[in-house]
Amino acid sequence: MSEFANTIKDSLLEKFTKTSYELDGYGEHNFFMSQDEIHPAIEFLKNNGFIYLTDITGSHYPEKEGAEFQVVYHIHNLSENLRIRLKVDLSEKDVHVPSMTDLFAGANWMERETFDFFGIIFEGHPNLTRILNVDDMDYHPMKKEYALEDETRTDKDDTFFGR
Amino acid sequence: MSELELQNKKVAALASTETIDGEIATLNLGPTHPATHGIFQNILQVDGERILSAEQTVGYIHRAFEKLAERRPYNQITPITDRLNYCSSPINNMGWHMTVEKLIGAEMPKRVDYMRVIVMELARIADHLVCNSVIGVDTGALTGFTYMFQEREKIYDIYEEICGARLTTNVGRIGGFDRDFNKEFITKLRAFLKEFPKKFDEFGALLERNRIFMDRTIGAGPITAERALSYSFAGPNLRAAGVDYDVRVMKPYSSYQDFDFTIPVGNDGDTYDRFMVRQQEIRESLKIITQALENMPEGDYHADIPSFYLPPKEEVYSSMEALIYHFKIVMGETPIPAGEVYHSVEGGNGELGYYLVSDGGRTPYRLHFRRPCFIYYQAYPEMITGSLLSDAILTMSSMNVIAGELDA
C-alpha cells in the first residue's frame, strides 16, 4: 500500500469514527461508512485530491437483515492515482443517503439511476425522478424480489438453470 | 449560488440581451430526429435559433442489461456487452473478460494481451472514425464520411477473420481467444496498416485545418476542465478539455505499459478539440497496433484455466475430461470465487467500468456497467445553453453519445 493510501486511510478512520476499513483480496480499498458520515467523508476526500467521482451504484442483499441495501461509491484521486471504494449499508426501513450533487455535478444521473432501480432516496437531490424506466412504473426493478421471468410459468423446470 | 440558480440567471440574461423577437418557443428535438444519431429526446426552449434551456429524456432503448446479467452465466454476458457501445464492441467484450479474469485470478499469457491490444485499438479506430466522420457530416462535409466508412468496413473485415462477426462481435472468451490469428487476419491487418494512414491523412487534410470547418466548430459546445471533471467526463471528451486522464496509462491493463504512445489533450473542450483529440488518438492507436504486431510474443492464445476456458472441440468428442469441462463451462457449473471487483478499460468514449459482485453462484450477484456516455451526457444542457441550435447538434455528435451505451 502506498504512503498516500495509508495517510488517507488513517485520517478517514480517525475523522469518521463509525468507519471500518478492509483491503480486499484484489488490492482495492474498501471503507464502510455510515449514512450520516458519508457526505462529510466524500467532501473531505474531494478536498484531498479525490476530484473524480468514478461511479455511484447500489446493490440489494435481501438476506442481510438491517443492511438490505448498499450504496457503493468509487472515487479516484487522479494526481496520486488512487481509487477507493466507499460503501454505505442501509436498512430497508430507512433508505436515505445524502446526495453528492452539491460536490459533483456528475452525481446527478448516477443517483437518479440508483433511485430508479433500487429505490434509494438521495436527500437533497434536485430532481430525484426515474431516468431509464418509464415514469409511471411503481416498483424498483433491480430488487431481488422481482424475478426476471414470469414466476407463474409452469412449463419450464428451472432447477438446473438460472439463479 | 447554486448550479440551478446560476443556470436560471444565465437564461434570464440571454433572454433579455440577445432577444431576437422576444418570443420563446418550445422545440421537441427527438426522440427520432434525423439530425441526432440515435434515440435522444431534448425539449428545448428556444428564442429564435438560440437555446435557452434543454430538458433531456433518456431510456428509450433501455434493455435492462444489469438485470439480465443476474440470470446469465459469465460467458453468456459477453453478447450483452456487445450492445453497449456498439461502435467498439471488442473493447466492451474484452473489458468484461478481463473483469472475470480479475475475479478468478487468472494470469494471461503475454500473447493474449498483445492480441487483445491489437483488436481493441482497431475498435478504437473504428469508433473514432464514426464519430469524426459524422462531425463532418453535421457540418455539411459528406465526402470524408463516405471514404472513412469504407475504411471502417475494412476494420470489420479484419474482425470477421477472428470471430466471424462484424458489428456485435462477441470476440474472445474468458481466458483469451477462441482461436489464434490466422494468416488472412495478418494479411488484412498489414494491408490496413499500410493503406489506411494515407487515406486517413487525406481525410485529415479535408477538415483539420479547413477554415470553414474550424470556424464552424471552434467554440461550439465548450466545457472547462473543471466542469468536465465535476461531471465525471471520460475519454476523448475529458482530454479535449485538457485533463490527461486515460485508463490505459493510469491503470494499465492488458500490458498497455509495454507500448509507447502519447495521450493527446486539447485546451478548450469544444467541438474542434474533441475532433482533434480523436484524430490524434487514431494515429496513436495505429502506432500501438504496429508495435504490438511487430513484437508479438510467442505462446498460447489462451490461458491455462481448464475450468473456465472451453477445451478444443475435437477433444470433447474423444476425451472424458474435456467433455466434463465442456459440460461444466457451458452449464455454468464451475466454481467462481465470491468477491467484488471493479475493472475499467478505456473504451471508445472513456472509462468503461464493470462493477461485479459474485457470491460464488453461477451468475453474477450484481453487475453494474459504468457507462461513460450515460455519465457525461448529463452535461449536455449546460454545454448547449446559450448556443445556436445547429451548434447543439454538432455538440451532440462530437460528444459521441451512443444510445446503446447511454441506456444500457
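All values reported here derive from a predicted model rather than from experimental measurement. (Residues numbered from 1 in each chain as written. Chains lettered and ligands numbered in written order. Predicted model: local features only at pLDDT ≥ 70, side-chain atom pairs only at ≥ 80, totals over all residues. Heavy atoms only, no water.)

1. A word on the interface of chain B and chain A
Next up, step 1: Taken residue by residue, the interface counts 48 residues in chain B and 51 residues in chain A.
Next up, step 2: Where chain B abuts chain A, roughly 4300 Å² becomes buried across the two surfaces, and 53% of that area is made up of carbon and sulfur atoms.
Next up, step 3: Of all residues in chain B, the largest losses of buried area upon contact with chain A belong to Lys67, Arg71 and Tyr365 of chain B, amounting jointly to 18% of the total for that side.
Next up, step 4: There are 6 salt bridges connecting chain B and chain A.
Next up, step 5: Of the charged contacts in the structure, one is a salt bridge between arginine 83 of chain A and glutamate 351 of chain B, with a shortest N-O distance of 3.0 Å.
Next up, step 6: For the interface between chain B and chain A, the tally reads 29 residue pairs in polar contact (both at pLDDT 80 or more).
Next up, step 7: Broken down by secondary-structure element, the contributors of at least two residues to the side of chain B that touches chain A are helix H2 (65-69), helix H4 (89-104), helix H9 (225-230), strand E4 (339-347), strand E5 (350-358), strand E6 (366-370), helix H15 (372-376) and helix H18 (403-407) of chain B.
Next up, step 8: Class assignment of the residues belonging to the side of chain B that touches chain A gives a composition of 23 nonpolar, 10 polar and 15 charged. (Contact = heavy atoms within 4.5 Å. Buried area = accessible area lost by both parts, 1.4 Å probe. Salt bridge = Lys/Arg side-chain N within 4 Å of Asp/Glu carboxyl O. Polar contact = N/O pair within 3.5 Å; in protein donor to acceptor, adjacent residues only side chain to side chain. Helix = DSSP H or I, 4+ residues; strand = E, 2+ residues; numbered from the N terminus. Nonpolar A, V, L, I, M, F, W, Y, C, P; charged D, E, K, R; others polar.)

2. Describing the domain arrangement of chain B
Residues and elements named next belong to chain B.
Next up, step 1: Domain assignment breaks chain B into domain 1 (3-57) and domain 2 (65-407).
Next up, step 2: Computed from C-alpha atoms alone, the centre-to-centre distance between domain 1 and domain 2 is 33 Å.
Next up, step 3: Counting from both sides, the interface comprises 20 residues of domain 1 and, opposite them, 22 residues of domain 2.
Next up, step 4: Both sides together, the interface formed by domain 1 and domain 2 hides about 1800 Å², and carbon and sulfur atoms give 62% of it. (Domains from an automatic or database assignment.)

3. Considerations on the pairing of strand E4 (residues 69-77) of chain A
Residues and elements named next belong to chain A.
Next up, step 1: Within E4, 9 of the 9 residues are buried, which leaves it mostly tucked inside the rest of the structure.
Next up, step 2: The alternating pattern of E4 places Phe69, Val71, Tyr73, Ile75 and Asn77 on one face and Gln70, Val72, His74 and His76 on the opposite face, and all of these are buried.
Next up, step 3: Bridging between strand E3 (residues 52-60) and E4 involves 8 bridges; their strand directions are antiparallel. Looking across to E4, one finds that serine 59 is bridged to glutamine 70.
Next up, step 4: Where E4 and strand E5 (residues 82-90) come together, 9 bridges link them in antiparallel fashion. Bridging from a neighbouring strand, valine 71 pairs with valine 88 of E5.
Next up, step 5: The hairpin formed by E4 and E5 contains 4 residues between the paired strands, and asparagine 81 there has a positive phi angle of roughly 55°. (Buried < 20%, exposed > 50% of the residue type's maximum accessible area, 1.4 Å probe, protein only. Pairing = 2+ DSSP bridges.)

4. Focus: the packing of aromatic side chains
Next up, step 1: In the structure shown here, the tally under the stated rule is 28 aromatic pairs over all chains.
Next up, step 2: Here the aromatic rings of phenylalanine 177 of chain B and phenylalanine 181 of chain B are separated by 5.9 Å at their centres, their planes lie at 75°, and the arrangement is edge-to-face.
Next up, step 3: Judged by relative accessible area, phenylalanine 181 of chain B falls into the buried class, the value being 10%.
Next up, step 4: Between phenylalanine 192 of chain B and phenylalanine 196 of chain B, the aromatic rings sit 4.8 Å apart at their centres with planes inclined by 15°, giving stacked as the arrangement. Placement of both phenylalanine 192 of chain B and phenylalanine 196 of chain B in helix H7 (residues 183-207) is noted, with a separation of 4 residues, approximately one turn of the helix. This pair shows no difference in class: phenylalanine 192 of chain B is buried, exactly as phenylalanine 196 of chain B is.
Next up, step 5: Taken together, the aromatic side chains of Phe192, Phe196, Phe200, Phe203, Phe213, Tyr272 and Phe275 of chain B make up a single cluster linked through ring pairs.
Next up, step 6: Positioned above the aromatic ring of phenylalanine 104 of chain A is the side chain of lysine 46 of chain A, whose terminal nitrogen or guanidinium carbon lies 5.2 Å from the ring centre. (Phe/Tyr/Trp six-rings, centres within 6.5 Å; stacked < 30°, edge-to-face > 60°. Lys NZ or Arg CZ within 6 Å of the ring centre and 35° of its normal.)

5. Digging into the sheet that holds E6 of chain B
Residue and element names in this part refer to chain B.
Next up, step 1: Read across the sheet, 3 strands follow the order E4-E5-E6 without closing on themselves; strand pairing throughout is antiparallel. Among the strands making up the open sheet, the edge pair consists of E4 and E6. The mean angle between the axes of side-by-side strands here comes to 10°, regardless of whether they run parallel or antiparallel.
Next up, step 2: With 9 bridges joining them, E4 and E5 adopt antiparallel strand pairing. Directly across from glutamate 340, in E5, lies its bridge partner valine 357.
Next up, step 3: Sheet strands in contact with H4 are E4, E5 and E6, and its direction is about 150° off that of E4. (Axes fitted to C-alpha atoms, helices over the stretch in contact; angles between N-to-C directions.)

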